[in-house]
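# Topology and contacts: notes
Now for the letters of each chain:
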Amino acid sequence: MLAFERIKDYEQVMFCNEPESGLKAIIVIHDTTLGPALGGTRMQPYRTVDDALEDGLRLAKGMTYKCAAADVDFGGGKAILIGDPLTDKSPDLFRAFGQFVQSLHGRFYTGTDMGTNPEDFVHAHRETRFIVGLPETYGGHGDSSVSTAHGVIYGIKAVLKRLWNDEELSDKAFAVQGLGKVGLKVAKRLLEAGATVYATDMNGNAVNELAAYAETTRGHFSAYEGDAIYDAPADIFVPCAIGGILNDRTIERLRVKGVAGSANNQLAEDRHGKALAEAGILYAPDYIVNAGGLIQVADELYGPNKERVVQKTRRIYETLSDIFETAEREGMTTDEAANVFCEKRLRAQSARSRFFLPEKPPKWRLR
Ligand code: NAD
C-alpha cells in the first residue's frame, strides 16, 4: 500500500529489468490528459532505487506542467536509467530500453536528458519509433538548445516589457551565469543587439569565445569570476547553468530588477518565489522560459517544420505576459501564477478526455 500511496498522483510507473545488458530502468508516466507522455531519459549512478524513483516522480510531474505551459499535445513522463553514464552504457542497454519503451505502444516518448546523448537513442530507435531528439542524420531536428536560447530571449523581452514597458535590449545590462549550449547563444544575441553583458563560466574557453565575439558587435562585455555574478550591476539576471541558485544567500545580493534564464529548478525552495517578489525582483518562471527545446522536440512528431517551431517558441512571450498579469491581479507570486495557468489548461482538456490510449494493441488469437 505504501508504494501506491507514493504514486497516487501518477498514472503509471514501470520498472524495467534486463540482466544481459545490465539495464535497470524506471519509466514514470505522470499524466496523459493532454496527450502521450513526453520526457527525457536521465542516466545517473543513483545510490538507491528509491532515490531514482524519487527523481523520476519529481521530473515526470514537472514535464506535465511544462507541456501544458508550452501548449504542446503531450503529457508528462520521464525515464531513469540507473547506472554510470561513463562506464555502464552499451548499444545493447539502449536497445533493451527501446524495447520497454515500445511495449508502451506510444504512451511514452523519450529522448536525451542528463547523462544520455542523441547517439544513445540511435540504438534505442532500432527497437522503437517513440524516440525524439535524434541526430539530424536520423531525421531529428538537431540541437534543441537553439530553440531554448530563442525562448530565453523572448522571456527576457517579456520581462523588459513588464518592467519598463519597452523591449529594447541595447540600453540594458544582463548578468549571464553559464556559457554552455544555451547561455553562450543567449549572450551572443544580447551583444549583437548592443546590450551590456556580464558573464561567468568556470570554462575559460567559453568566456574567451564570448570576449572575442563581443569585439565583433556593438555590445559591451565584462567577465565575472564565479559567484561575483550575483553582485553584477545588471538589470536582468540570466541563469543558464545550474538549479537552486535563487536562495537565501543569493537573493539579497542580486541588484537586478528581473530574472529570466534557462536553468532548470532555479528556486532553491518554493518560498524563494515570494522572497524574490518581496525584494522587488520580477521572476520569469524557469519552465516557461526554457520551453523552446521542448517545443522543438515535440514538434518533431508532427513532421519537421522549423518555421512552426519558431512561431510556437515566440508564444513564450505571451504566456509570460499573461502570467505576470495574473500574478499581479490575484496577488500571487509569478511561479504560483504559472502553476495556476498550467492547471487551468489541464482542467479544460480533462473535461474532454482523460488518459491517453495508443492505437489498439494487436488482437490475441484464441487457441
Ligand atoms: P551546458 O552543460 O551546455 O552548459 C552549462 C554551463 O554552465 C557549462 O558551460 C558549465 O561550465 C557552466 N556552469 C556550471 N556551473 C556553473 C556555475 N556555478 N557558475 C557558472 N557557470 C557554471 O547546459 P545547457 O544545455 O546550456 O543548459 C543550461 C541550463 O539550462 C541547464 O540547467 C539545463 O538543464 C537548462 N535547460 C537546457 C535546455 C537545452 O535545450 N539545452 C532546455 C531546457 C533547460
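Residues numbered from 1 in each chain as written. Predicted model: local features only at pLDDT ≥ 70, side-chain atom pairs only at ≥ 80, totals over all residues. Heavy atoms only, no water.

## Observations regarding the overall build of the protein chain
- Of regular secondary structure, the protein chain possesses 13 helices and twelve strands.
- On C-alpha atoms alone, the protein chain measures out to a radius of gyration of 21 Å, which is about the 21 Å that the 2.2 N^0.38 rule sets for 367 residues.
- Judged by the C-alpha coordinates and their principal axes, the protein chain covers about 75 × 45 × 40 Å.
- Residues counted as buried form 51% of the 367 residues belonging to the protein chain.
- Partitioning the contacts of the protein chain with sequence separation of at least 6, the portion at a separation of at least 24 is 67%.
- Just so you have it, the protein chain exposes about 17900 Å², and 50% of that area is on carbon and sulfur atoms.
- Between the centroid of the 44 positive side chains of the protein chain and the centroid of its 51 negative side chains there is a distance of 6 Å. (Helix = DSSP H or I, 4+ residues; strand = E, 2+ residues; numbered from the N terminus. Rg over C-alpha atoms; globule rule 2.2 N^0.38 Å. Buried < 20%, exposed > 50% of the residue type's maximum accessible area, 1.4 Å probe, protein only. Contact = heavy atoms within 4.5 Å. Areas by Shrake-Rupley, 256 points an atom, 1.4 Å probe, with all protein chains shown as cover. Lys, Arg positive; Asp, Glu negative; His and termini not counted. Charge placed at Lys NZ, Arg CZ, Asp CG, Glu CD.)

## Things to note about the site of the ligand
- Taken together, 19 residues lie around the ligand, and Thr148, Val182, Asp201, Ser262 and Asn264 are the ones closest in.
- Note that an oxygen atom of the ligand is positioned 2.9 Å from one of the backbone N or O atoms of Val182.
- Contact with the protein chains covers 72% of the free accessible surface of the ligand, which is 840 Å².
- Elements that contribute at least two residues to the shell around the ligand include exactly helix H5 (145–164) and helix H6 (181–192).
- Of the residues contributing to the shell around the ligand, the split by class is seven nonpolar, ten polar and two charged. (Near = heavy atom within 4 Å. Polar contact = N/O pair within 3.5 Å; in protein donor to acceptor, adjacent residues only side chain to side chain. Nonpolar A, V, L, I, M, F, W, Y, C, P; charged D, E, K, R; others polar.)

## Details of the domain arrangement of the protein chain
- Parsing the protein chain into structural domains produces domain 1 (2–61 + 74–136) and domain 2 (145–341).
- Computed from C-alpha coordinates alone, the two centres of domain 1 and domain 2 are separated by 29 Å.
- In this complex, domain 1 contributes eight residues to the contact, which on the side of domain 2 involves eight residues.
- Taking both partners together, domain 1 and domain 2 bury about 570 Å²; carbon and sulfur atoms supply 67% of that area.
- Looking only at domain 1, the three residues that lose the most surface to domain 2 are Leu38, Phe74 and Val132, adding up to 58% of its buried area.
- Between the two partners, domain 1 and domain 2, sit one salt bridge.
- One salt bridge connects Glu136 with Lys306, and the closest N-O pair in it is separated by 3.6 Å.
- Between the two partners, domain 1 and domain 2, sit one residue pair in polar contact (both at pLDDT 80 or more).
- The residue makeup of the side of domain 1 that touches domain 2, split by class, is five nonpolar, one polar and two charged. (Domains from an automatic or database assignment. Buried area = accessible area lost by both parts, 1.4 Å probe. Salt bridge = Lys/Arg side-chain N within 4 Å of Asp/Glu carboxyl O.)

## Considering the sheet that holds strand E8 (residues 196–200)
- Taken in spatial order, the six strands of this open sheet run E9-E8-E7-E10-E11-E12, and their pairing is parallel. Either end of the sheet is taken by a strand with one partner, and the two such strands are strand E9 (220–223) and strand E12 (282–283).
- Relative to E9, E8 runs parallel, the two being bridged by four bridges. Looking at E9, one finds that Thr196 is bridged to His220. (Pairing = 2+ DSSP bridges.)

## Structural notes on the packing of aromatic side chains
- Counted according to the given criterion, the structure contains five aromatic pairs.
- Centre to centre, the rings of Phe74 and Tyr109 are 5.9 Å apart; their planes meet at 80 degrees, and the pair counts as edge-to-face. Taken as a pair, Phe74 in the loop between helix H2 (49–70) and strand E5 (75–82) and Tyr109 in strand E6 (residues 108–109) lie far apart in primary sequence, 35 residues in all.
- For Phe74, a relative accessible area of 4% corresponds to the buried category. (Phe/Tyr/Trp six-rings, centres within 6.5 Å; stacked < 30°, edge-to-face > 60°.)

## Things to note about H2
- In this model H2 runs 31 Å from its N-terminal to its C-terminal C-alpha over 22 residues, within 8% of the 32 Å that 1.5 Å per residue would give.
- Asp71, located one to two residues past H2, shows a positive phi value of around 60 degrees. (Expected span 1.5 Å × (residues − 1).)

## Things to note about H6
- Between the first and last C-alpha of H6 there are 17 Å, a value that for twelve residues agrees with the 16 Å anticipated at 1.5 Å per step.
- Among the residues making up H6, those that are buried are Val182, Gly183, Leu184, Val186, Ala187, Lys188, Leu190 and Leu191.
- On its buried face, H6 sits against H5, strand E7 (173–177), E8, helix H7 (204–214), E9 and strand E10 (236–239).
- Just downstream of H6 lies Gly194, where phi reads positive at about 95 degrees.

## A short note on the pattern of salt bridges
- By the definition in use, this model includes 23 salt bridges.
- Two residues, Lys312 and Asp299, come together in a salt bridge whose shortest N-O distance is 3.6 Å. With Lys312 in helix H12 (residues 306–330) and Asp299 in helix H11 (residues 292–300), this pair connects stretches of sequence that are 13 residues apart. The residues Lys312 and Asp299 share a single accessibility class, namely buried.

## Quick notes on the side chain of Thr333
- Looking at the secondary structure, you find Thr333 in the loop between H12 and helix H13 (334–350).
- Not counting residues up to four positions away in its chain, the partners in contact with Thr333 are Gly273, Lys274 and Ala327.

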